[in-house]
Amino acid sequence: DERLRQQHQLHVLAGGFRYYDLHVRGNANNDIYGLNISDPISILLYLFLGGTAPPCSDVADTDANGTVNLTDAVYLLNYLFLAGPAIVPETAKCY
């Protein structure tokens, strides 16, 4: 599948190689189904009940403010169900 192939990329930076996985920002549970109700639930479980951590903080940081908190789950719910603002950037790099 092309999407899965794009998730594992090698990028060349000045001075050498750096590996990272490219993820869909907001897909906090890292499943193959994309963005859905399970993602904000996953963020809430991680924050408040010790649930499974996202692949990296950028994946769960849906409002791109640099931290993962309650507003990320709310932002994602707003996007999914109330036609709220888009998640920008759409991808997250996990080093």
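About the cut-offs
Residues numbered from 1 in each chain as written. Predicted model: local features only at pLDDT ≥ 70, side-chain atom pairs only at ≥ 80, totals over all residues. Heavy atoms only, no water. Helix = DSSP H or I, 4+ residues; strand = E, 2+ residues; numbered from the N terminus. Expected span 1.5 Å × (residues − 1). Buried < 20%, exposed > 50% of the residue type's maximum accessible area, 1.4 Å probe, protein only. Arc of directions from axis to C-beta. Contact = heavy atoms within 4.5 Å. Disulfide = S-S within 2.5 Å. Lys, Arg positive; Asp, Glu negative; His and termini not counted. Salt bridge = Lys/Arg side-chain N within 4 Å of Asp/Glu carboxyl O. Polar contact = N/O pair within 3.5 Å; in protein donor to acceptor, adjacent residues only side chain to side chain.

Undergrad: What's the story with helix α4 (residues 70–81) in this structure? I'm lost.
TA: A turn of α-helix holds 3.6 residues, and therefore any two residues three or four places apart point the same way. Spanning twelve residues, α4 covers 17 Å between terminal C-alpha atoms, matching the ideal 16 Å at 1.5 Å per step. The complete set of buried residues in α4 reads Asp72, Ala73 and Leu76. Take α4 and look down its axis: the buried residues cluster within an arc of 95°, on one side only. On its buried face, α4 sits against α2 (38–49) and α3 (57–60). Positive phi appears at alanine 83, one or two residues downstream of α4, with a value of about 55°.

Undergrad: Mind showing me how you'd approach α2 here?
TA: Of the positions making up α2, those classed as buried are Asp39, Pro40, Ser42 and Ile43. What you see down the axis of α2 is that its buried residues fit within an arc of 155°, all on one side. Exposed and oriented more than 90 degrees from the buried face of α2 are Phe48 and Leu49. Considering only its buried residues, α2 is in contact with α3 and α4. Positive backbone phi, at 70°, marks glycine 50, one or two positions downstream of α2.

Undergrad: Could you clarify how one ought to interpret the state of the cysteines in this entry?
TA: Note: disulfide means a covalent bond formed between the sulfur atoms of two cysteine side chains. Counted by the stated rule, this structure contains one disulfide. Each disulfide pairs two cysteine sulfurs, and for cysteine 56 the partner residue is cysteine 94, the sulfurs being separated by 2.1 Å. On the sign convention where negative means left-handed, the S-S torsion of about -65° between cysteine 56 and cysteine 94 marks this disulfide as left-handed. Placement of the pair is cysteine 56 in the loop between α2 and α3 and cysteine 94 in strand β3 (residues 91–94), with a sequence separation of 38 residues.

Undergrad: I tried to follow unusual backbone geometry on my own but got confused; where do I start?
TA: For residues other than glycine, phi is negative in most cases, and the peptide bonds are mostly trans. With an omega of -5°, the peptide bond running from valine 88 to proline 89 counts as cis. The topology assignment puts proline 89 in the loop between α4 and β3. We note that alanine 64 has phi near 55°; this positive angle belongs to a residue other than glycine. In this structure, alanine 64 sits in the loop between α3 and α4. Taking the relative accessible area as the measure of exposure, alanine 64 reaches 38% and is therefore partly exposed.

Undergrad: Honestly, the side chain of arginine 25 in this entry has me stumped. Any pointers?
TA: Along the polypeptide, arginine 25 turns up in the loop between β2 (16–24) and α2. One buried charged residue, arginine 25, remains without a salt bridge, the closest side chain of opposite sign being aspartate 61 at 4.3 Å. One polar contact links the side chain of arginine 25 to the main-chain carbonyl oxygen of aspartate 58, over a distance of 3.0 Å.

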